[in-house]
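The lines below spell out each chain.
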Amino acid sequence: MHTVTPTAGNGFQVYLETFGCQMNELDSELVRGQLAALGYRFTTNAAEADVVLYNTCSVRQQAENKALSRVGLMGIRKQESDRRLVLGVIGCMAEREGAGMLKRYPQIDLLCGPGELDRLPMLIDNALKADASVLADRVALQGNTSRRTATLAAAEDNLEMLDLSRAFDPDRATSGARSAYVRITRGCNKFCTYCVVPYTRGAEVHRPPDAIVDECRMLADQGVVEITLLGQTVNHYRYEHGAALTVGGEEAAQVGPGLGAFRRTAPVGARVTSFADLLARIHDEVPSIARLRFVTSYPRDFGDDILAVMRDSPRICRYLHVPAQSGSNRVLKTMNRGYTVEEYLEFIDRARSFLPDVSIAGDFIVGFPTETEEDFEASAALVRRVGFKNNFIFKYSPRPGTTAWDRLPDDVPDEVKRRRNNALLAVQGEVSAEVHGAYAGRTVEVFVEQISQQSAARTGNVELGWAPARVQMSGRTGGDLITVFDLPADVSAASLIGRVVPVRVTGAGTLILYGELAGVPAAC
Ligand code: 5AD
Ligand code: SF4
């Protein structure tokens, strides 16, 4: 097996495409940073790449199909080209499919699961230097290596180094982006019966709070003003100090408690950092972060302590992404979600009592096995009752290896799933329009992200700093509502991007607020 030297990537061009969730986007960013530090260069043109990497998602079959069609095309290109081209499949699909994927798709040179990304440079190096024939030189998967049988904590220490080594993101540096993700927890212990994540991303592991706060501070020093904390169930974050091994003298990542165990009390004398403590620390210790948000929250065990910290910390966004998945207690039970509709609503009402203007987003699955018309109507009723700002709505997709795949026949026909999907989207559309409409006449704080896509298309190649007749800017409120406003003639787009500005809302669509700048901060 090769050891990767700092010059390993010299001259090689990498094309990296990401499928799926925010966690994957962050993984891709870390992979880019790691490879860039080794001398690899990145291209947005797959045709000129020496190394093509697909960071894949397994949550639904559709996401896997997309990646597989890319793998198919790349197979043809490899056959037709006489150049050495390395094709790597990384992320959840690699982990779920396992080494057998190399046999089914011989054009793939390497597989790397999301829990092994620290080993990716070694795998690429092997593939570039030789025709690696030993499986261990081509494959790094949690289910496939001895790391799983060594202590999980030790394996996680290596992975922790990947987050810790995050020094520089070439993409962010060139785009001037002011927003970043920071991981607080890896993996998931919930085992919802439909979900593949606990199998592909492994057991829940919490990063040490000092490492998280340091990372936020470093990003803030680089100009980042908005940080989104990432975890599958962020509110379960919990770190017991003095309970973990150390990495280079620092506290190490910590294997999370098992099912339900986050309720336990710490050993006498142990110091614990809860999610509420972590939020308060980042808010107070990194004041140049203008916006702090987090996804995804689990509807159970979201304590008043977290809500109180949110209420008392003005730079924590009044925004919760808290998937309900279904409005039927019977379906929730079959999904193993561990809460009832009544408990979900109790949480929503409690959140609103602490944070009256909180904006709530979620996820729903339609067509879960055994879902009846009545169950579906209960989901529609829940969408109305909660008044979600938006929901991601998915048709149930059976995933191999999950409990639902093993035990529950996929008995809702696809046309019924499609109908329910469209019907729930329509209900959500009405609710979203109401939620957005209620902002008319109000002034909201908008984090300006970019020249609005439509505006950029209409005005052609808009240069930052130059304002043609009508340029519109777009950004988001603290509650994550997309807001578009006209750029005044005497203000440059570049001076607003990455800042939080007041916008008076003059109108609203289903998913967008329209407004006008209500005062430009002095430095603009
Ligand atoms: N089928 C459909 N949707 C799924 N999700 C997770 N697994 C599945 C599946 N097998 C959805 C859930 C989750 C979101 C990330 O993806 O709604 O919250
Ligand atoms: Fe999947 Fe449930 Fe974990 Fe979310 S909480 S990642 S849906 S198992």
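Sequence order as written defines the numbering, with residues in each chain counted from 1. Whichever chain is written first is A, and whichever ligand is written first is 1; the rest continue in order. Local features in this predicted model are restricted to residues whose pLDDT is 70 or higher, and side-chain atom pairs enter the listing and the counts only when it is 80 or higher, whereas totals over whole chains, interfaces and linings include all residues. To obtain the side-chain values, all non-hydrogen atoms of the structure were used and water was disregarded.

**Things to note about the layout of surface pockets**
Phase 1 of the analysis: Only protein atoms enter the 1 Å grid used here. Points where a 1.4 Å probe fits but cannot escape make up a cavity, open sets with protein on both sides within 12 Å along at least five of seven lines make up a pocket, and a residue lines them when an atom lies within 4 Å of a point. Grid points are joined across faces, edges and corners, and a volume is the space filled by probe spheres set on the points. Taken as a whole, the second largest pocket holds about 370 Å³ of empty space.
Phase 2 of the analysis: Around the second largest pocket, the lining comprises 18 residues; the ones closest to its centre are Arg291, Arg318, Glu445, Gly478 and Gly479.
Phase 3 of the analysis: Looking at the lining of the second largest pocket, the element that brings in the most residues is strand E20 (residues 443-451), giving three residues.
Phase 4 of the analysis: Each residue is assigned to one of three groups, with Ala, Val, Leu, Ile, Met, Phe, Trp, Tyr, Cys and Pro labelled nonpolar, Asp, Glu, Lys and Arg labelled charged, and all others, Gly among them, labelled polar. Class assignment of the residues belonging to the lining of the second largest pocket gives a composition of eight nonpolar, four polar and six charged. The helix and strand labels rest on DSSP assignments: H or I over at least four residues marks a helix, E over at least two residues marks a strand, and numbering proceeds from the N terminus.

**A short note on the site of ligand 1**
Phase 1 of the analysis: Around ligand 1, the neighbouring residues are Val59, Arg60, Tyr194, Gln325, Asp363, Ile365, Phe394, Lys395, Tyr396, Ser397 and Arg399.
Phase 2 of the analysis: Within 3.5 Å is the distance limit for a polar contact, defined as a pair of N or O atoms, with the added protein rule that one can donate a hydrogen and the other accept it, and that residues adjacent in sequence qualify only through two side-chain atoms. One of the side-chain N or O atoms of Arg60 is found 2.9 Å from an oxygen atom in ligand 1.
Phase 3 of the analysis: In this structure, a nitrogen atom belonging to ligand 1 sits 2.7 Å away from a main-chain N or O atom of Ser397.
Phase 4 of the analysis: Methods summary: accessible areas were calculated by the Shrake-Rupley approach with a probe of 1.4 Å, and residue burial reflects only the protein chains presented. Protein burial of ligand 1: of its 400 Å² of free accessible surface, 85% is covered by the chains.
Phase 5 of the analysis: Only strand E18 (359-366) and strand E19 (390-395) provide two or more residues apiece to the shell around ligand 1. Any residue with a non-hydrogen atom lying within 4 Å of a molecule or strand is treated as near it.

**A look at the site of ligand 2**
Phase 1 of the analysis: As a matter of local geometry, ligand 2 sits amid Cys188, Lys190, Phe191, Cys192, Tyr194, Cys195, Val197, Pro198, Gln232, Thr233, Tyr298 and Arg337.
Phase 2 of the analysis: Class assignment for the residues of the shell around ligand 2 results in eight nonpolar, two polar and two charged.

**Quick word on the pairing of strand E21 (residues 472-477)**
Phase 1 of the analysis: With respect to burial, E21 is a largely interior element, six of its six residues being buried.
Phase 2 of the analysis: Looking at chain direction, E20 and E21 are connected through five bridges and run antiparallel. Following the sheet pairing, Ile451 is matched in E21 by Met473.
Phase 3 of the analysis: Sheet analysis places E21 next to strand E22 (residues 482-486), joined by five bridges and oriented antiparallel. By the bridge assignment, Gly475 is partnered in E22 with Thr483.
Phase 4 of the analysis: By this definition, two strands are paired if DSSP reports at least two bridges between them. Between the end of E21 and the start of E22, which pair antiparallel, lie four residues, with Asp480 showing a positive phi angle near 75 degrees. Working definition: with a 1.4 Å probe on protein chains only, accessible area under 20% of the residue-type maximum means buried, over 50% means exposed, and in between means partly exposed.

**Describing the packing of aromatic side chains**
Phase 1 of the analysis: Side-chain rings of Phe, Tyr and Trp (the six-membered ring for Trp) are treated as a pair once their centres are within 6.5 Å; stacked means planes under 30 degrees apart, edge-to-face means over 60, and tilted covers the remaining angles. Per the stated rule, a full pass over the model turns up 11 aromatic pairs.
Phase 2 of the analysis: A centroid spacing of 6.2 Å and a plane angle of 85 degrees characterise the contact between Tyr194 and Phe368, whose relative ring orientation is edge-to-face. Placement of Tyr194 in the loop between strand E8 (185-186) and helix H9 (197-200) and of Phe368 in the loop between E18 and helix H15 (373-386) is noted, with a sequence separation of 174 residues between them.
Phase 3 of the analysis: Assessed through its relative accessible area of 0%, Phe368 is described here as buried.
Phase 4 of the analysis: An aromatic cluster of three or more residues is present, and its members are Tyr298, Tyr339, Tyr344, Phe364 and Phe388.
Phase 5 of the analysis: Sitting over a ring, as applied to charges here, requires NZ of Lys or CZ of Arg to be within 6 Å of the ring centre and within 35 degrees of the ring normal. Lying over the aromatic face of Tyr319, Arg293 brings its terminal NZ or CZ to 5.5 Å of the ring centre.

**Describing the packing of helix H11 (residues 275-285) against helix H12 (residues 304-312)**
Phase 1 of the analysis: Where helices are involved, their axes are fitted lines through C-alpha atoms of the stretch in contact, as for all axes, and angles between N-to-C directions lie from 0 to 180°. It is the contact of H11 with H12, at a shortest axis distance of 8 Å, that shows an interaxial angle of 15 degrees. In terms of orientation, H11 lies roughly parallel with respect to H12. Considering only the axes of H11 and H12, their crossing is left-handed. Contacts between H11 and H12 involve Phe275, Ala276, Leu279 and Ala280 from the former and Asp305, Ile306, Val309 and Met310 from the latter.
Phase 2 of the analysis: The residue inventory of the contact of H11 with H12, partitioned by class, reads seven nonpolar, no polar and one charged. Convention used here: angles under 35 degrees read as roughly parallel, angles over 145 as roughly antiparallel, angles from 65 to 115 as roughly perpendicular, and any remaining angle as oblique. Put simply, a crossing is left-handed when the front helix is turned counterclockwise from the back one by less than a right angle, and right-handed when it is turned clockwise. For this analysis, residues touch if any pair of their heavy atoms sits within 4.5 Å.

**Quick notes on helix H1 (residues 22-37)**
Phase 1 of the analysis: The end-to-end C-alpha distance of H1, which contains 16 residues, comes to 23 Å, matching closely the 22 Å that a straight helix rising 1.5 Å per residue would cover.
Phase 2 of the analysis: Of all the 16 residues making up H1, 12 are buried; the element is thus mostly covered by neighbouring parts of the structure.
Phase 3 of the analysis: Listed in full, the buried residues belonging to H1 are Met23, Asn24, Leu26, Asp27, Ser28, Glu29, Leu30, Val31, Arg32, Gly33, Gln34 and Leu35.
Phase 4 of the analysis: Phi for Gly39, located one or two positions after H1, is positive at around 100 degrees. A helix is expected to span 1.5 Å for every residue after the first.

**Side note on helix H17 (residues 414-437)**
Phase 1 of the analysis: Spanning 24 residues, H17 covers 34 Å between terminal C-alpha atoms, matching the ideal 34 Å at 1.5 Å per step.
Phase 2 of the analysis: The set of residues buried in H17 consists of Val416, Lys417, Arg420, Asn421, Leu424, Val427, Gln428, Val431, Ser432, Val435 and His436.
Phase 3 of the analysis: Where H17 is buried, its residues touch E18, H15, E19, strand E23 (500-508) and strand E24 (512-517).

**Regarding the sheet that holds strand E16 (residues 291-295)**
Phase 1 of the analysis: In spatial order, the strands read E7-E10-E16; together these three strands make up an open sheet with parallel pairing. Each edge of the open sheet carries a strand with a single partner, namely strand E7 (179-183) and E16. Within this sheet the neighbouring strands show an average axis-to-axis angle of 25 degrees, counted without direction.
Phase 2 of the analysis: The sheet contact formed by E7 and strand E10 (residues 226-230) spans five bridges and is parallel. In the sheet register, Ala180 faces E10, and the bridge partner there is Ile227.
Phase 3 of the analysis: Here H1 sits on the sheet in contact with E7, E10 and E16, set at roughly 95 degrees to E7.

**What to know about the pattern of salt bridges**
Phase 1 of the analysis: When a carboxyl oxygen of Asp or Glu lies within 4 Å of a side-chain nitrogen of Lys or Arg, that pair is called a salt bridge. If you walk through the whole model with that rule in mind, you get 37 salt bridges.
Phase 2 of the analysis: A salt bridge links Asp109 to Lys78; its shortest N-O distance comes to 2.5 Å. Linking Asp109 in the loop between helix H4 (100-104) and strand E5 (110-112) with Lys78 in helix H2 (residues 61-80), this pair joins segments that are 31 residues apart in sequence. Like Lys78, Asp109 is buried.
Phase 3 of the analysis: For Glu373, the salt bridge goes to Arg420, with nearest N and O atoms at 2.8 Å. On the criterion of sequence distance, the pair formed by Glu373 in helix H15 and Arg420 in helix H17 is long-range, its members being 47 residues apart.
Phase 4 of the analysis: For Glu373, a relative accessible area of 35% corresponds to the partly exposed category.
Phase 5 of the analysis: Among the charged side chains, a salt-bridge network with shared partners connects Glu226, Arg293, Lys389, Glu449, Arg476 and Asp480.

**What to know about unusual backbone geometry**
Phase 1 of the analysis: Here Val295 and Thr296 are connected by a cis peptide whose omega angle stands at 0 degrees.
Phase 2 of the analysis: Secondary-structure assignment places Thr296 in the loop between E16 and H12.
Phase 3 of the analysis: Unlike most non-glycine residues, Asn336 shows phi in positive territory, near 60 degrees.
Phase 4 of the analysis: You can see Asn336 is positioned in the loop between helix H13 (329-334) and helix H14 (341-354).

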